[in-house]
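# Report on the structure
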Amino acid sequence: MQNIEVYVQKNKKKVIFIVSLLIIISTVTMIFLKKNTKNQIVNNTESITLERKSLVNGISTSGVVISDNKTNIFSTLNAPVKEILVSVGDTVKKGDVLAVLDTSAIETEIQQAKLNYKSSLESLKESKKENENSIANANTSLESTEISIQQQQIQTDNAEKDLKKIEEKVKEPFNAYSYDFAIEEAKIAVENQGRNIKRMQEEEKDLRANLDRFDDSSYRNDISEKAILLERKKTELSNLRKDIRSQNRERPVFDEYNNKIAIDDANRSYNKKMDEYLNIQKTYNDIYNEYQSILSNPESTQEEIDNITLKLNDIKEAQDKAKQELDELSITLERAKENLKRAKNEFDKSSNETILSNIKTIEKTYDQVRNEIDDLEREYRKAISGMNKAKQEALKSASAEYVKLQNTIKDAEHELVIAKNNFQKALLDKENAIREYIKTNENDLENAKRTLMGNQKQLESLNNNLKNAKNTVKQAKDKTISTVSRDVNKLSLEKLESQLEKGSVIATGDGIITQVKAEVGTMSNDILFVVEDLDNVHVKANIKEHNLSSVNFGQKVIITTLASGDETFEGSVTFISPRAVSPIGSPVVEFEINAKPNSISSKIKPGMNAFLNIVVNSKENAFSVPVTAISKEDDGNYIYTIEDEKIPVEIGISTKTEVEIIGDKLLEGMKIKMNINEDSEKSIKNTATGGIF
C-alpha cells in the first residue's frame, strides 16, 4: 500500500491524466448509449409508460485500492541473508519465520565479547585490591602525620618559652659604667690640651708682629725702573707686530707671526690659568684641612660645620671649573699650533719673496725685541725674587723661633685632635655599645619570633597535612570502584546475544506476502518483505473542490472495479483530507477522500483501479421520465399524454438519463409522449437538483 502511495505521489500528474482519460472515455460511452436509446425511442415508439422507480444522484471519481494494514518487514540485525522461507502470495501469521540470516560474524563477536567481559572482571578485582592498598597507605600516612604534629607541638612550646625569656632580657637597662668613665677621662684630656694651645697662640701672636717690620723700599724702586723699561720694549714689540701685519696685508695667505701671536696669547692664558688652578688647589687643601679640624673638634657647632662644608663645596666647584677651563685652553693652544702649521704650508706655496724678505727682517727685529723683553722679564722677576729673598733672610732668624713655636702649636693641636678623637671615640664606643646591645636584643627577639612563627607555620602545615591525610583515608574508603568497563562489556555481550536471537526474520502481523525484496547473500539493511491484509482495504481517490461541500463522513458510496464488471459494492466515506492535495497554483484543486467497502470481497484487491459513486441524493417510488419527455415552456414544465393532455410538473432529482417529475395529475401506467427538443433537454438538466453519475 505504501509503495502505491509513494508511486502516486511521485507520478501525480501521470495518475491524474490516466483518471481524467478514463472519465472522458466513460462519459463519451454513456453519451453514445444515450443517443442510441433516444433514437430507438423515436424510431420505435413515441411514448413511454409512467412508473415509479428508485432514483439516485451523486459525485463520481476514481482512485486506487489500498490495504488498511500494510507492513514492511525489516531486520534489526545487519547481516547477510542466508535462506528465504516464503514466496509472494504465501499467507503468514504473526511470529512466522520468513528468512534466516547468517550470524557467523556475530558468533565470533560474542566469543570476543566474552573474553572482554572476563578481562573487565579481572580488572575490577585488581582495582578493588589497589583501593585496599591505598586505604592502608593512607592510614600509615595519617599516623605518621599525627606523630609529627606531636613533635612539632613540643618544638613550638619551647620556642614560646625562649621568646618570653628574650622579651624579659630586652627590658633590662644597658650597663654603661665603664663607657662613662672613659668618656670623662677623654674630656679632661681635651680641656687640658686646649688650655696649653691657647697659651702658645698668645706667644705666636707676639712673634708675628715682629715679622712685618722689614724695609723693602730700595728693592721696590729697582723693580719699578725695570717695569718701566719692560713696558717700553713691549710698546716697541707692538709696533713691530703692526709692521708685520702691514706686510702681511700684501700677502694672499695667512701670516705665520699672527698665528705665533695667537699661540703666545693662548700659551700665556694657559700658564695664567694653570697658576690660578694651582692657587685654587692650594686653597682647597687649606679649607679641607680646616674642615677636618672642625669635624674632629667636639666643641664645633653645627653652624661651623655647615659653613666649612659650604666653603669646601664652593672651592671644589671653582677647582672643577678651573680644571675645565684649563683643558679648554690646552685645546685652544693645540688648535693655534695646528693653524700655524697649516698657514705656513699654504704660505710656502704662494708667498712673495720680496714681502717674505721684509717680513723676515721685521721678524728678526721682533725676535730680538722679544728676547730683550724676556731678559727684562727675567730681571724683573729676579728683582722681585731678590726682594723676597732679602725679606726672607731678614725674617729667617725671626721665623726660626716662630716656626718652632708653630711646630709646637701644631704638635699640641695634633695632641688636641687625638684627645678629641679619643673623646669622640669614647662617645661612639658607648653609642655603638648601646646600639649593638639594642640590635643584639632586637635580633634575638626577631629570631625568636621568627623561630616561633616558623614552628607555628610548620604546625599549621602539619595540621593541614593531617586534614588532607584524613580526607585521603575517607576518599580511599568512600572511593567507588568504577564498574563501567565491566557493565559496558556485559551490555555489549548481552546486545550481541540479543542480536543472535534476531538471526531469524519474523512476521510482525498476519497477512499475505505481496513482495519479497530479500536476496540470499545480500545485507539485511532494507525492506525484506511486504505483508498486506487483503481482507481490509479502502479506496483512495480525489474530488474537486466544488464537490467538497457535498461529501461528509459516513456518506454512502457505490464502488465498482474493472475486475468486478457490473457488480457493485456499497461502502462509506471514512476520510476527507483537511487540506488540498493539489500543487500550489494548480488550476484544478482537489481533496483526498477514502472510502471503505462494507463487506469483504476477493474481487477488490490492493493496487486495483476503482470507481466511486458518492450518493448525494436518492428517492424511492418517484415518478421519473427521460429528459426528452419534458416540454419547457414559458409558463412552466409540462408533459403530454398520448391523448395530448397537457399536464404541469415540477422537476426533482435527476440522473444521467432520467428526471424526477412531481404533479397532482400524474398516474402510474400513464402513457407519456416523448419530446426530442434538445433545448428543452438542456434546460431541464439545468433545473434538476443534484449531480449526475
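Position numbers for residues count from 1 along each chain, tracking the sequence in the order it is written. Where totals are concerned, whole chains, interfaces and linings use all residues; where local detail is concerned, this predicted model gives features only for residues with pLDDT of at least 70, and gives and counts side-chain atom pairs only at 80 or more. To obtain the side-chain values, all non-hydrogen atoms of the structure were included, while hydrogens and water were left out.

Let us look at the layout of surface pockets. For each structure, a 1 Å grid was placed over the protein atoms alone; sets of points admitting a 1.4 Å probe that cannot get out are labelled cavities, open sets with protein on both sides within 12 Å along at least five of seven lines are labelled pockets, and lining residues have an atom within 4 Å of a point. Grid points are joined across faces, edges and corners, and a volume is the space filled by probe spheres set on the points. Size it by volume and the second largest pocket reaches roughly 430 Å³. In terms of lining, the second largest pocket is formed by 16 residues, of which the most central are Gln201, Ser293, Ile409, Lys410 and Glu413. Elements with a contribution of two residues or more to the lining of the second largest pocket: α4 (177–211), α6 (256–296) and α8 (353–478). Strands are runs of DSSP state E lasting at least two residues, helices are runs of H or I lasting at least four, and both sets are numbered from the N terminus onward. Take the lining of the second largest pocket: its biggest share by element is eight residues, from α8. Polar here means any residue other than Ala, Val, Leu, Ile, Met, Phe, Trp, Tyr, Cys and Pro, which are nonpolar, and Asp, Glu, Lys and Arg, which are charged; Gly is therefore polar. Classifying every residue of the lining of the second largest pocket gives four nonpolar, seven polar and five charged.

Let us look at a negative patch on the surface. In this scheme, patches are assembled from residues that exceed 30% relative accessible area and form no salt bridge. Like charges are connected within 9 Å, while nonpolar side chains (Val, Leu, Ile, Met, Phe, Trp, Tyr) are connected within 5 Å. Areas reported as accessible are Shrake-Rupley estimates using a 1.4 Å probe. Residue values count occlusion only from the protein chains shown. Basic side-chain nitrogens of Lys or Arg form a salt bridge, by our definition, when they fall within 4 Å of a carboxyl oxygen of Asp or Glu. Counted as positive: Lys and Arg. Counted as negative: Asp and Glu, with His and the chain ends omitted from the count. All charge positions are set by atom: Lys at NZ, Arg at CZ, Asp at CG, Glu at CD. Taken together, the side chains of Glu184, Glu185, Glu191 and Glu299 present a region of like negative charge at the surface. Mapped onto the elements, Glu191 comes out in helix α4. Exposure classes here rest on a 1.4 Å probe applied to the protein chains alone. A residue is buried below 20% of its type maximum, exposed above 50%, and partly exposed in between. By relative accessible area, Glu191 is classed as partly exposed at 38%.

When DSSP locates at least two bridges between a pair of strands, those strands are taken to pair. Across the sheet, four strands lie side by side as β3-β9-β8-β5; this open sheet has antiparallel pairing. Edge positions in the sheet fall to β3 (70–73) and β5 (91–92), since each has one partner strand and no second. Alignment of β5 against strand β8 (residues 511–516), held across two bridges, turns out to be antiparallel. Along β8, the bridge assignment pairs Val92 with Gly511.

A positive phi angle, near 55°, is found at Asn621, a position not held by glycine. Examined against the element boundaries, Asn621 turns out to sit in strand β14 (residues 609–626). With phi around 65°, Asp644 is a residue other than glycine that occupies positive phi space.

On the basis of which strands lie adjacent, the open sheet formed by three strands has the order β4-β6-β7 and antiparallel pairing. Pairing within the sheet leaves two strands with one partner each, and these edge strands are β4 (81–84) and β7 (504–506). Strand-to-strand, the axes of this sheet are offset by a mean angle of 25°, without reference to chain direction. Where strand β6 (residues 97–101) lies against β7, three bridges are found, and the strand directions are antiparallel. Its bridge partner lying in β7, Val97 is registered against Ile506. To define axes, lines are fitted to C-alpha atoms, for helices over the stretch in contact only, and angles between the resulting N-to-C directions are given on a 0 to 180 degree scale.

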